[in-house]
Amino acid sequence: MRRIADMGCEGGNCPNTYATDRGTIVVQGDAVSGDTDAVVVPNELLRRHAHATGQPDWPWTVSPAGDDRVLVWGRQVTDPIVLNTINAPSHENLVELDQEAVA
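This structure is a prediction, so every number in the text was calculated from the model and none was measured.

> Please give an account of the overall build of the chain that cites residues and values.
Helix and strand content of the chain: 2 helices and 8 strands. Going from the N terminus to the C terminus, the chain shows its helices and strands as β-β-β-β-α-β-β-β-α-β. The C-alpha radius of gyration of the chain comes to 12 Å, within 12% of the 13 Å expected for a compact globule of 103 residues. With the C-alpha coordinates of the chain rotated into their principal frame, the extents come out at 30 × 30 × 25 Å. Out of the 103 residues belonging to the chain, those deemed buried represent 39%. As presented, the chain carries roughly 5700 Å² of accessible surface, and 48% of it is formed by carbon and sulfur atoms.

Pasting the structure below:
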């Protein structure tokens, strides 16, 4: 996995986006109570991701979550290798997005 965008935090304890060797994107963000297939991240993270990948905007559909934050939906990451590599804190979740699902 390769980190694409982050918010400048130390130790991986913050929102990030990653590219996988499967051609998918993993988004690390705050967990959403009752929805394991969603995370909340700052809109700025998605702008940084788009810039880093040469896109004008984040290509997946999101919904506003208040305070310049958005909900991102994907599949909850359950792969133990990915989970151990990122080692997100318990209040965060990881979701994976397919390139084909680009809106």
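> An account of the nonpolar core is needed here, citing residue identities and associated values.
Ile-25, Val-27, Val-41, Trp-58, Val-72 and Leu-97 are the most contacted members of the largest nonpolar core, which totals 15 residues. Setting aside residues no more than four positions away along its own chain, Ile-25 makes contact with Ile-4, Thr-17, Tyr-18, Ala-19, His-49, Trp-58, Trp-60, Val-95, Glu-96, Leu-97 and Gln-99. Membership of the second largest hydrophobic core comes to 6 residues, among which are Tyr-18, Val-26, Val-82 and Ile-86.

> Can you lay out the packing of aromatic side chains for me, pointing to particular residues and giving the numbers?
Aromatic rings in a pair are described by how distant their centres are and how their planes are angled relative to each other. For the structure on display, the rule yields 1 aromatic pair. A ring pair is formed by Trp-58 and Trp-60, whose centres lie 4.8 Å apart and whose planes are at 50 degrees; its orientation type is tilted. Both residues of the pair, Trp-58 and Trp-60, count as buried.

> Describe helix H1 (residues 43–52), and please don't skip the residues or the numbers.
Buried residues of H1: Leu-45, Leu-46, His-49 and Ala-50, and no others. Summarising the axial view, the buried residues of H1 lie within an arc of 135 degrees, below the 170-degree limit, and thus occupy one face. Residues of H1 that are buried in the fold lie against strand S1 (2–6), strand S2 (16–19), strand S3 (24–32), strand S4 (35–42), strand S5 (62–66) and strand S6 (69–73). Of the residues one or two after H1, Gly-54 is the one with positive phi, at around 75 degrees.

> Lay out the pairing of S3 with the relevant residues and their values.
Pairing of S2 with S3 involves 4 bridges; the strand directions are antiparallel. Residue Asn-16 lies in a different strand from S3, and its bridge partner there is Gln-28. Here 7 bridges tie S3 to strand S8 (residues 92–98), and the two strands are oriented antiparallel to one another. Bridge pairing links Val-26 to Glu-96 in S8. In this sheet, S4 lies alongside S3 in antiparallel orientation, the contact comprising 3 bridges. Its bridge partner lying in S4, Asp-30 is registered against Val-40.

So, how was this worked out
- Residues numbered from 1 in each chain as written.
- Predicted model: local features only at pLDDT ≥ 70, side-chain atom pairs only at ≥ 80, totals over all residues.
- Heavy atoms only, no water.
- Helix = DSSP H or I, 4+ residues; strand = E, 2+ residues; numbered from the N terminus.
- Rg over C-alpha atoms; globule rule 2.2 N^0.38 Å.
- Buried < 20%, exposed > 50% of the residue type's maximum accessible area, 1.4 Å probe, protein only.
- Areas by Shrake-Rupley, 256 points an atom, 1.4 Å probe, with all protein chains shown as cover.
- Core = buried A, V, L, I, M, F, W, Y, C linked by side-chain atoms within 4.5 Å.
- Contact = heavy atoms within 4.5 Å.
- Phe/Tyr/Trp six-rings, centres within 6.5 Å; stacked < 30°, edge-to-face > 60°.
- Arc of directions from axis to C-beta.
- Pairing = 2+ DSSP bridges.

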